[in-house]
Amino acid sequence: MPAISFQAVSKSYASPRGPAGSTFLALDNVQFDIEEGEFFGLLGPNGAGKTTLISILAGLTRATSGRVMVQACDVQADYAQARRKLGIVPQELVFDPFFNVREALRFQSGYFGIRNNDDWIDELLTSLGLADKAGANMRQLSGGMKRRMLVAQALVHKPPVIVLDEPTAGVDVELRQTLWQFISKLNKQGHTVLLTTHYLEEAEALCGRIAMLKTGRVVALDRTSDLLKAASGNVLRFKTTGTLPPALAARARITGSVVQLPANSALEIEQYLAAVRESGLIVEDVEMRKADLEDVFIDIMNRSSAQQSAGVNA
Amino acid sequence: MSGWQTLFYKEVLRFWKVGFQTVAAPVLTAMMYLLIFGHVLEDHVKVYETVRYTAFLIPGLVMMSVLQNAFANSSSSLIQSKIMGNLVFLLLTPLSHWSWFVAYVGSSIVRGLVVGAGVLLVAVWFAPLTFAAPLWIVVFAILGAALMGAMGLIAGLWAEKFDQLAAFQNFVIMPMTFLSGVFYSIGSLPAFWQTASHLNPFFYMIDGFRYGFFGVSDASPWLSLGIVGSALSVVSLIAMHLLRTGYKIRS
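Caption draft 1: Structural context of the overall build of chain B. The helix and strand inventory of chain B stands at ten helices and zero strands. When the helices and strands of chain B are read in sequence order from the N terminus, they spell out α-α-α-α-α-α-α-α-α-α. Relative to a compact globule of 251 residues, whose C-alpha radius of gyration would be 18 Å, chain B shows 18 Å and is just as compact. Projected onto the principal axes, the alpha-carbon positions of chain B cover approximately 60 × 35 × 35 Å. By residue count, 51% of the 251 residues in chain B fall in the buried class.

This is the structure we're talking about:
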């Protein structure tokens with residue numbers, strides 16, 4: 001029995017632009033299973049449909065067609081059971097300003113019918129570094145604390161399946177480490193984890209399997225190690241302050257002055273350097289490294305764009 | 001506590017924590033009405049032979065406070081949670097639409113009754129009151145508060161902004177309350193407005209409530225009970241339907 005099963009899930013919205021009655025397809029026949037105990041990553045650029053998919057899983061949005069099961073419970077027909085099994089950390093930094101940290105966690109426990117949950121609440125607060133904030137009003141918490149509070153609220157009922165929608169946005173490095181240690185511990189204890197994140201190094205380090213979404217479709221689904229193996233090529237990395245020639249810019253991953261290009265052969269490297277020389281750029285700190293998940297991600301996203309535009313032309 | 005009990009308790013605690021604004025303020029407002037209208041109209045308006053005007057006014061003001069605060073409780077709680085985004089914490093739980101309904105309407109009844117009791121406590125200083133049929137007082141207070149709590153639930157689900165809610169309050173709730181005989185007996189109105197008032201469910205809530213104090217009223221308390229009960233059933237069914245389908249809270 002899979003922990004989560006997405007079965008031919010599609011979601012269309014009324015298109016805000018375009019002629020009346022036209023629809024926008026946010027999810028297109030998404031189909032995959034996440035097994036018990038997995039640490040699973042759901043990646044994709046903004047607008048790919050990750051949050052829509054999680055909203056359908058959470059019961060916040062209804063699928064136009066297809067269905068979603070959590071440990072064999074349909075999230076619509078059997079919503080009460082499905083939601084007991086799910087702990088969802090929402091992406092938006094929301095809180096209830098009327099209550100303090102402990103009150104909010106007690107209420108959240110009560111909604112799930114759990115009384116006298118203080119032992120677990122204390123453990124959550126300690127694990128998430130919020131123990132000294134138990135009596136603080138939600139308004140007094142910093143952004144990072146509110147984010148961790150969302151994690152605590154999602155876990156009050158000890159759900160077997162944990163869903164984290166961009167949990168580390170706006171959280172500093174140290175707190176991110178605390179959070180991942182805690183989530184990894186829960187995963188080792190048998191909790192299934194579904195994670196969406198824009199920090200691909202986190203996904204690479206944590207997730208056993210990864211699905212990539214683009215414009216509502218699954219464009220990659222594999223073990224993280226196999227995804228990395230498939231992109232076994234190397235990367236040429238250098239610094240430059242000038243503007244790259246367009247042919248190179250299209251393939252490059254550019255972070256400030258750092259340029260990274262996929263380089264699978266000596267010939268390719270030579271061609272890059274020749275193009276750079278011709279354009280008169282000054283290049284520093286040239287080095288080679290192994291491809292990481294971000295390279296794989298960019299490569300898959302570019303390839304699926306190429307396929308889509310080829311499909312349109314055909 | 002079970003799920004609905006927790007939500008009910010949370011909703012009660014929510015208004016109680018800001019009691020100065022949710023309880024003390026409406027009591028003060030009602031006291032101002034009583035002071036000014038009671039003083040100015042005491043010798044000019046005669047409603048029932050045996051009842052002083054100020055005494056007549058008190059049950060109307062108490063019920064008006066009950067109704068307005070019951071409405072304000074569920075509607076403002078929902079719109080705040082929607083705008084703040086923290087409604088998601090409820091949406092992610094296994095709470096059924098029954099639980100939502102009972103908790104939101106129940107807490108609205110509590111707020112209505114607390115404010116009503118506060119107004120009554122202050123009002124007894126202004127005029128001696130009789131309690132001819134106390135059971136009617138309790139029944140109409142609870143049914144009226146439930147009806148308004150359920151209306152507030154609908155308005156809170158429907159409204160996307162605070163000003164939409166304010167419009168609902170100013171253009172629907174306020175006129176219906178003021179045209180319901182809070183300040184006068186509808187027997188003193190011209191024929192047309194008397195007929196119009198008989199179509200206003202608020203009239204029956206206040207008239208029935210007042211019957212409990214004086215044992216006299218414009219309509220039979222049983223008729224009022226029937227109408228208020230029916231209105232409550234219809235509004236509750238609508239509210240439950242909206243909750244079940246996730247109207248404007250689940251897409």
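Caption draft 2: Broad picture of the overall build of chain A. A count of helices and strands for chain A gives eleven helices and 14 strands. Projected onto its principal axes, the C-alpha positions of chain A cover 70 × 50 × 40 Å. With 314 residues in all, chain A has 39% of them scored as buried. Counted over contacts in chain A with a minimum sequence separation of 6, partners at least 24 positions apart contribute 70%.

Caption draft 3: Summary view of the interface of chain B and chain A. Counting residues at the interface gives 22 residues for chain B and 23 residues for chain A. Of all the elements in the fold, those that place two or more residues in the side of chain B that touches chain A are helix H1 (3-17) and helix H4 (88-91) of chain B. Examining the composition of the side of chain B that touches chain A, we find that six residues originate from one element, H1(B), more than from any other.

Caption draft 4: Inspection of the nonpolar core at higher detail. In this structure, A:Leu57, A:Ala152, A:Val163, B:Leu61, B:Leu147, B:Ala150 and B:Met205 are the most contacted members of the largest nonpolar core, which totals 156 residues. Top contributing element to this core by residue count: helix H3 (residues 53-84) of chain B, with 16 residues. Counting residues in hydrophobic clusters, the runner-up holds five residues, among them A:Val259, A:Leu261, A:Ala263 and A:Tyr272.

Caption draft 5: View of the sheet that holds strand E13 (residues 258-263) of chain A. All names here are of chain A. Read across the open sheet, the four strands follow the order E12-E13-E11-E14; overall the sheet is antiparallel. Here the strands that pair on one side only, and so sit at the sheet edges, are strand E12 (253-255) and strand E14 (283-290). If you compare each strand with its neighbour and ignore which way they point, the axes differ by 20 degrees on average. Where helix H10 (residues 266-278) meets the sheet, it contacts strand E11 (234-240), E13 and E14, and its direction lies at approximately 145 degrees from that of E13.

Caption draft 6: Spatial organisation of the sheet that holds strand E1 (residues 4-14) of chain A. Residue and element names in this part refer to chain A. Strand order in the open sheet formed by four strands is E2-E1-E4-E5, and the pairing between neighbours is antiparallel. Edge positions in the open sheet fall to strand E2 (23-34) and strand E5 (73-74), since each of these has one partner strand only. Note that strand E4 (residues 65-70) and E5 share two bridges and pair antiparallel. Bridged to valine 70 within E5 is cysteine 73.

Caption draft 7: Spotlight on unusual backbone geometry. Residues and elements named next belong to chain A. Although it is not a glycine, alanine 72 sits at a positive phi angle of roughly 70 degrees. Within the fold, alanine 72 resides in the loop between E4 and E5. Look at glutamate 166: it is not a glycine, yet its phi comes out positive at around 50 degrees. Tracing the backbone through its elements, the reader meets glutamate 166 in the loop between strand E7 (161-165) and helix H6 (173-188).

Caption draft 8: Spotlight on the environment of A:Ala134. All names here are of chain A. Relative to the helices and strands, alanine 134 is located in the loop between helix H4 (118-127) and helix H5 (143-155). Accessibility expressed as a C-beta count within 10 Å gives 16 for alanine 134, which makes it partly exposed. Between the alpha carbons of alanine 134 and aspartate 122 there is a distance of 8.6 Å; along the sequence they are twelve residues apart. Among all residues touching alanine 134, those that are not within four sequence positions of it are Val101, Arg102 and Leu125.

Caption draft 9: Spatial organisation of the packing of helix H6 (residues 134-158) of chain B against helix H9 (residues 201-214) of chain B. All names here are of chain B. Relative to each other, H6 and H9 sit at 155 degrees, their axes nearing to 6 Å. Here H6 is positioned roughly antiparallel relative to H9, judged by the angle of their axes. The handedness of the crossing between H6 and H9 comes out as left-handed. Judged by residue contacts, Pro134, Trp136, Ile137, Phe140, Ala141 and Gly144 of H6 engage Met205, Gly208, Phe209, Tyr211, Gly212 and Phe213 from H9. Residues of the contact of H6 with H9, tallied by class, amount to nine nonpolar, three polar and no charged.

Caption draft 10: Layout of the packing of H3(B) against helix H7 (residues 162-178) of chain B. All names here are of chain B. Where H3 meets H7, the closest approach of the two axes is 12 Å, and the angle between their N-to-C directions is 165 degrees. Between H3 and H7, the crossing angle belongs to the class labelled roughly antiparallel. Where H3 crosses over H7, the two elements pack in a sense that is right-handed. Where H3 approaches H7, its residues Met64, Leu67, Gln68, Phe71, Ser75 and Ile79 are matched on the opposing element by Phe162, Leu165, Ile173 and Thr177. Class assignment of the residues belonging to the contact of H3 with H7 gives a composition of seven nonpolar, three polar and no charged.

Caption draft 11: Local environment of the pairing of strand E3 (residues 39-43) of chain A. All names here are of chain A. In terms of burial, E3 is largely enclosed, as five of its five residues are buried. The side-chain alternation of E3 yields two buried faces, one formed by Phe39, Gly41 and Leu43 and the other by Phe40 and Leu42. With four bridges joining them, E3 and strand E8 (residues 192-196) adopt parallel strand pairing. The partner of leucine 42 across the bridge, within E8, is threonine 196.

Caption draft 12: A look at the domain arrangement of chain A. Residue and element names in this part refer to chain A. Here chain A is partitioned into domain 1 (4-228) and domain 2 (234-313). Relative placement of domain 1 and domain 2: their C-alpha centres are 33 Å apart. Counting residues at the interface gives eleven residues for domain 1 and nine residues for domain 2. Secondary-structure elements contributing two or more residues to the side of domain 1 that touches domain 2 are helix H7 (200-206), strand E9 (209-214), strand E10 (217-223) and helix H8 (224-230). In terms of residue count, the dominant contributor to the side of domain 1 that touches domain 2 is H7 (three residues). Within the side of domain 1 that touches domain 2, the residues separate by chemical class into nine nonpolar, no polar and two charged.

Caption draft 13: Spatial organisation of the confidence of the model for chain B. Confidence in the prediction for chain B averages 92 pLDDT; 100% of positions are at 70 or higher. Here the predicted complex scores 0.89 on pTM and 0.90 on ipTM.

About the thresholds
- Residues numbered from 1 in each chain as written.
- Chains lettered and ligands numbered in written order.
- Predicted model: local features only at pLDDT ≥ 70, side-chain atom pairs only at ≥ 80, totals over all residues.
- Helix = DSSP H or I, 4+ residues; strand = E, 2+ residues; numbered from the N terminus.
- Rg over C-alpha atoms; globule rule 2.2 N^0.38 Å.
- Buried ≥ 20, exposed ≤ 12 C-beta atoms within 10 Å, placed from the backbone.
- Contact = placed C-beta atoms within 7 Å.
- Core = buried A, V, L, I, M, F, W, Y, C linked by C-beta atoms within 7 Å.
- Pairing = 2+ DSSP bridges.
- Axes fitted to C-alpha atoms, helices over the stretch in contact; angles between N-to-C directions.
- Parallel < 35°, antiparallel > 145°, perpendicular 65-115°, else oblique.
- Left-handed = near helix turned anticlockwise from the far one by under 90°.
- Nonpolar A, V, L, I, M, F, W, Y, C, P; charged D, E, K, R; others polar.
- Domains from an automatic or database assignment.
- pLDDT = per-residue confidence, 0-100.

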